[in-house]
Amino acid sequence: MGMISRKEVQKQFKIRGYTLKVDALDAVLSFVSRFPDAESEAVDVLLDELDNEPLKSSILDKEPVQRVVGVLLAAESAVGDSVDDLGVGGAGTVAGSGFSFLDAFIVPRFRFDSIQKVYYEYTGRLPFHGDAPEKAALYRDRFVLLFQRLSRHPHFSKPAFDIDLSSSGSCEIVPIQNLSWQTGRRWLMGVISQLEDGHFYLEDLSASVEIDLSDAKITTGLFTENTIVVAEGERLPDGIFKVTTCGFPPIEDRKESLSFITGLDFSGFGTLTKEEMMKLEGMEHKAVNDMFVILSDIWLDDEEIMRKLETILDGYEDVEVVPSLFVLMGNFCSRPCNLSFHSFSTLRFQFEKLGKMIADHPRLKEQSRFLFIPGPDDAGPSTCLPRCALPKYFTDEIQKHVPNALFMSNPCRIKFYSQEIVVFRQDLLYKMRRSCLLPPSTDETSDSFGHLVATMIHQSHLCPLPLSVQPIIWNYDHSLHLYPTPHTIIFGDKCEQKVFNYAGVTCFNPGSFSNDSTFVAYRPCTREVELSAL
């Protein structure tokens, strides 16, 4: 076998969700050159070990590669084994292979060129404290994303050769500014805004118009200020647009979205060819033993909660195949860690106790990964979304005992072979219900959680609330986008445990472990959700 090429190495890393910088690629080639008869297997071994590293990005530089290479070479010299004995493709492969994790603050940002009808990646700086134009860009980008999606929908695309829209079954979206000279029943698309107290308006990029929703027939979802809607109605003589039908922009299938943005890396995990994606899907279908265990609201300062958590760890320590991943979401304290909280040293000690508890379960410590996501009341610089990872003041105490622990932002994204999973912890349902302008429709479902899921997926956004209700970092609003639609949304809310499948997306809430002792076991191979409780 000849020397493996740089292109082949990059392809193998790309399939597993990694992108190599030049210096990292040189380090990989230097390592595999030691095994002239098993170069491809050596790359697989290197990738398996990288999957167990606490990486903050899927874009690799030289440092993590050299660290893993050093571990592998030390193991080889100590045992004197060949590459095959290091666990290539067999039982020695550590659980967690096939994972990639992405922090919200490194999700790439794209903007739509309305002239050329294409997306391009924004490469400018993204400061945490944006200027006023960035706030306007937040709303504009949300609107344009849904508008370009709507323009491809058969029901709202204007026929090229048929002037009579009624005969073709199409509905033309007109700009709001056209209402000044167009009469009769029209279709509009815009953001619901409250420009005056008690008066709601529909805004698009051209103008705004006051709306009357009193007799509107609505579809599934929670209609709040700041949501983007498609409305049918007529402008009355007093200038108010009387809405008769109101709904969210229709959903676009994930495959259609990917075909439109071919070659662009919206998720941040790297782009793949059709052949590479098919290979990953095949590997995913074979991963029948992989399982995620998800818990939300783990109050470390409550002894009873800690005993229940230890019971769960004891149970999974004794199973034949341990879970691949534990997702532990906040809040990690029964009291909000705000300005009146003065027990940070105590909380640090409780994180250390959690690390020791995990370390007391050797199979879980060695073969499972532990992902920590901060909750809305956990320690951090602000309550704005996205929230950065837990402070190192706490996480260092866990990593001393559990080197495999990962600490990511809220939200964060997981890539499991070909499957994209979004993890989000926020008490959103209560806020959305309080902010509703209209009672939810019961035609399709009366489940409040189902309405919330439908709203997020139609809006292609995790948190479509007004910024006055839930602040968002203007320059990082794109990290909350759900475009293209992910396969699975893990949504941690303190409301009751639920699972809801909508438009091909599996969304579930593990419930509050501290309040209800509930959690979820998720099998990504089949997308099966097991609602569990102690």
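Just so it is clear, the model here is predicted, and its values are computed rather than measured. (Residues numbered from 1 in each chain as written. Predicted model: local features only at pLDDT ≥ 70, side-chain atom pairs only at ≥ 80, totals over all residues. Heavy atoms only, no water.)

Peer 1: So what about the environment of K14? Which residues, and what values?
Peer 2: Among the structural elements, K14 can be located in helix α1 (residues 6-15). The class of K14 is partly exposed, set by a relative accessible area of 29%. Taking the C-alpha atoms as reference points, K14 and T273, 259 residues apart in sequence, are found 9.9 Å from one another. The residues contacting K14, other than those within four sequence positions of it, are T271, L272 and E276. Within the local environment of K14, its side chain forms a polar contact with the backbone oxygen of T271, the two atoms lying 3.0 Å apart. (Helix = DSSP H or I, 4+ residues; strand = E, 2+ residues; numbered from the N terminus. Buried < 20%, exposed > 50% of the residue type's maximum accessible area, 1.4 Å probe, protein only. Contact = heavy atoms within 4.5 Å. Polar contact = N/O pair within 3.5 Å; in protein donor to acceptor, adjacent residues only side chain to side chain.)

Peer 1: A description of helix α9 (residues 303-317) should follow, citing residues and the corresponding values.
Peer 2: In a regular helix each residue adds 1.5 Å, so 15 residues correspond to 21 Å; α9 covers 21 Å between its end C-alpha atoms and thus fits that length. Where α9 is concerned, the buried positions are I305, M306, L309, I312, L313, Y316 and E317. An end-on view of α9 places all buried positions within 135 degrees of arc, on one side of the element. You can read the cap of α9 off the contacts: a side-chain oxygen lies 3.0 Å from the backbone nitrogen of E304, and it is on D302. (Expected span 1.5 Å × (residues − 1). Arc of directions from axis to C-beta.)

Peer 1: Lay out the side chain of S514 in plain terms, naming residues and giving numbers.
Peer 2: Position of S514 relative to the elements: it lies in helix α15 (residues 513-516). Within the local environment of S514, its side chain forms a polar contact with the backbone oxygen of D297, the two atoms lying 2.5 Å apart. Not counting residues within four places of it along the chain, the set of residues in contact with S514 comprises S296, D297, I298, W299 and I305.

Peer 1: Tell me about the pattern of salt bridges, residues and numbers included.
Peer 2: As a working rule, side chains carrying opposite charge can pair if their charged atoms are close by. One pass over the structure, following the stated rule, counts 23 salt bridges. Of the charged contacts in the structure, one is a salt bridge between R152 and E252, with a shortest N-O distance of 2.7 Å. Taken together, the residues R152 in the loop between α5 (132-150) and α6 (165-168) and E252 in the loop between β11 (241-247) and α7 (254-260) connect sequence positions 100 residues apart. Taking the relative accessible area as the measure of exposure, E252 reaches 6% and is therefore buried. Note that K400 is salt-bridged to E352, the shortest N-O span being 3.9 Å. Highlighted residues: K400 in the loop between α12 (392-399) and β15 (405-407) and E352 in helix α10 (residues 344-359), separated in sequence by 48 residues. Bridged by salt links that share partners, the residues R109, R111, E134 and D141 form one connected network. (Salt bridge = Lys/Arg side-chain N within 4 Å of Asp/Glu carboxyl O.)

Peer 1: I'd like to hear about the nonpolar core, residue by residue, with values.
Peer 2: By size, the foremost hydrophobic cluster in this structure holds 36 residues, and its most contacted members are L295, Y316, F370 and F372. With six residues, α9 is the largest single contributor of residues to this core. With near-sequence residues (within four places) excluded, L295 lies in contact with L309, I312, V327, L328, M329, F513 and F519. Among the nonpolar cores identified, the runner-up in size contains 28 residues, and V422, M456, L462 and F491 belong to it. (Core = buried A, V, L, I, M, F, W, Y, C linked by side-chain atoms within 4.5 Å.)

Peer 1: I'd like a description of the layout of surface pockets, backed by residues and values.
Peer 2: Of the voids in this model, the largest pocket is the one considered here, and its volume is about 1,100 Å³. Lining the largest pocket are 39 residues, with R254, K255, L258, M277 and E281 sitting closest to its centre. Only α7, α8 (274-286) and β17 (419-425) provide two or more residues apiece to the lining of the largest pocket. Broken down by element, the lining of the largest pocket gets its largest block of residues, six residues, from α8. Looking at the lining of the largest pocket residue by residue, the class counts come to 15 nonpolar, 13 polar and eleven charged. (1 Å grid on protein atoms, 1.4 Å probe; cavity = no way out; pocket = protein on both sides within 12 Å on 5 of 7 lines; lining within 4 Å. Points joined across faces, edges and corners; volume = space filled by probe spheres on them. Nonpolar A, V, L, I, M, F, W, Y, C, P; charged D, E, K, R; others polar.)

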